[in-house]
Amino acid sequence: MKKFLDDILILIGCVLVVYGVSLIYIPAAWITAGILFVAFGVLFGIGNEKNTNKEAE
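Computed from a predicted structure; not experimentally measured.

**A word on the overall build of the chain**
Regarding its fold elements, the chain presents two helices and zero strands. Looking at the chain as a whole, 7% of its 57 residues are labelled buried. For the chain, the exposed surface amounts to about 5000 Å²; the carbon and sulfur share of it is 74%.

Written as structure tokens, this is what we have:
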């Protein structure tokens, strides 16, 4: 569970940010969600790349 705790906290943080933005302006929430998904995807890809390099060694 500790292995995924940081990912869970990031995901919860993203949901809360999008919810907060949606209270102000709905279209901005969609844009924010898209940006956060892209950022999370990049971070996930970097994490997988590091794990792949460790297995190759």
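**Topic: a nonpolar patch on the surface**
On the surface, F4, L5, I8, L9, I12 and L16 cluster together into a nonpolar patch covering about 560 Å² of accessible area. Along the polypeptide, L5 turns up in helix α1 (residues 2–24). You can call L5 partly exposed: its relative accessible area is 41%.

**Here's the deal with the environment of L11**
Relative to the assigned elements, L11 resides in helix α1. Residues L11 and F40, spaced 29 residues apart in sequence, show a C-alpha to C-alpha distance of 8.4 Å.

**Considering the side chain of T32**
As for its placement among the helices and strands, T32 is situated in helix α2 (residues 26–56). With relative accessibility at 19%, the residue T32 sits in the buried group. Each residue touching T32, except ones within four places of it in the same chain, is listed here: V17, V18 and V21.

Scoring rules and cut-offs
- Residues numbered from 1 in each chain as written.
- Predicted model: local features only at pLDDT ≥ 70, side-chain atom pairs only at ≥ 80, totals over all residues.
- Heavy atoms only, no water.
- Helix = DSSP H or I, 4+ residues; strand = E, 2+ residues; numbered from the N terminus.
- Buried < 20%, exposed > 50% of the residue type's maximum accessible area, 1.4 Å probe, protein only.
- Areas by Shrake-Rupley, 256 points an atom, 1.4 Å probe, with all protein chains shown as cover.
- Patch = residues over 30% accessible without salt bridge, like charges linked within 9 Å, V, L, I, M, F, W, Y side chains within 5 Å.
- Salt bridge = Lys/Arg side-chain N within 4 Å of Asp/Glu carboxyl O.
- Contact = heavy atoms within 4.5 Å.

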